[in-house]
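# Secondary and tertiary structure notes
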Amino acid sequence: MTETVTRGEQVHEGKAKILYATSNPDLLIQYFTDNASAFNGLKKGTIGNKGACNNAISSHIFALLEKEGFRTHFVDRPSETEMLVKKVEIIPVEVVLRNVVAGSLSKRMGLDEGAPIKQTVLEYYYKDDDLGDPMINRSHISAFDLASVENMDIIEEQAYRINDWLVSFFDRLGITLVDYKLEFGISPEGVLLADEISPDGCRLWDKKTGEKMDKDRFRRDLGRLEEVYTEMRDRILSIS
Ligand code: TMP
């Protein structure tokens, strides 16, 4: 990145990240805070150094995905807590991939957490905090014009391929990638993987100890939050 980009006005504030305009109209700064929330904002707190850890983790994973040929919004990491990203229009559909039973799937299907799944499960959720992000399907997505059929075909195909790559990446770190959420956006270049990939939006279980290495520690009051985020950062950054 040769161009120097300066931070401008705030354009959006989410639960854990803030988006700022920049001096380049095609780029935004995604600022990672230490704020943590769960259960659709009912539980709130902070986790020391989480913003810097999640930015380091996400930036590293996006850069590796780009090397593999996946198209993402990632441009650069100008500071510990800032990610320079391409401006996209976020598609209001959260894509959840599941490799092992946990969380809401365990409740929905009446299965124990940790039960194996014979093939990856892909689910869609409507990104709407007021509605509590309800689960939807491709029929809802096209009926309510949330995204075009063509873009959803691209997203679905990309999501399964990203999953294959991420599962083997985490496997090398001794981590089971149980489930996680992806978001995509539309830019003049087409569909790009956006948002973040971090322990905030993933379930990551240590293969040896079974320890939860993700935001479930906050949701379930398991303690050792800062330590675990820092350890995940160090493990993830050890592979390039
Ligand atoms: P769930 O078991 O609560 O449905 O979540 C599945 C995974 O997706 C889990 O790793 C958390 C992540 N996720 C988010 O981070 N944000 C969301 O809004 C949703 C629906 C899931």
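Below is a summary of the structure that appears in this document. (Residues numbered from 1 in each chain as written. Predicted model: local features only at pLDDT ≥ 70, side-chain atom pairs only at ≥ 80, totals over all residues. Heavy atoms only, no water.)

## Overview of the overall build of the chain
Here is the rule: The secondary structure listing takes helices from DSSP runs of H or I that are at least 4 residues long and strands from runs of E that are at least 2 residues long, numbered from the N terminus. The quantity called the radius of gyration is restricted to C-alpha atoms. Its globule counterpart is 2.2 Å times the number of residues to the power 0.38. Note on exposure labels: buried denotes an accessible area under 20% of the residue type's maximum, exposed denotes more than 50%, and partly exposed covers the range between, all computed with a 1.4 Å probe on protein chains only. Contacts are residue-level and defined by heavy atoms, with any inter-residue pair within 4.5 Å sufficient. A 1.4 Å probe and the Shrake-Rupley method give the accessible areas. Residues count as covered only by the protein chains that appear here. For the purpose of charge, His is not counted, nor are the chain termini; Lys and Arg are scored as positive and Asp and Glu as negative. A charge is said to be at NZ when it belongs to Lys, at CZ for Arg, at CG for Asp and at CD for Glu.
Scanning the chain for helices and strands turns up 6 helices and 14 strands. Radius of gyration (C-alpha) of the chain: 17 Å, near the 18 Å computed for a compact globule of 240 residues. Viewed in the frame of its principal axes, the chain has a C-alpha envelope of about 50 × 45 × 35 Å. Looking at the chain residue by residue over its 240 residues, the buried ones come to 48%. Considering only contacts within the chain whose residues lie at least 6 apart along the sequence, 56% involve residues at least 24 apart. Roughly 11700 Å² of accessible area belongs to the chain as shown, and the carbon and sulfur atoms make up 49% of that amount. Measuring between centres, the 31 positive side-chain charges of the chain sit 4 Å from its 41 negative side-chain charges.

## Focus on the nonpolar core
This is how it is decided: Side-chain atoms within 4.5 Å link the members of a nonpolar core, which is a set of buried Ala, Val, Leu, Ile, Met, Phe, Trp, Tyr and Cys residues.
Counting 45 residues, the largest nonpolar core has I61, F170 and L182 as the members making the most contacts within it. Here the element with the most residues in this core is helix α4 (residues 149–172); it accounts for 8 residues. Filtering out sequence-adjacent residues up to four positions away, F170 remains in contact with I61, I175, L177, L204, M232 and I236.

Geometry only, nothing functional implied.
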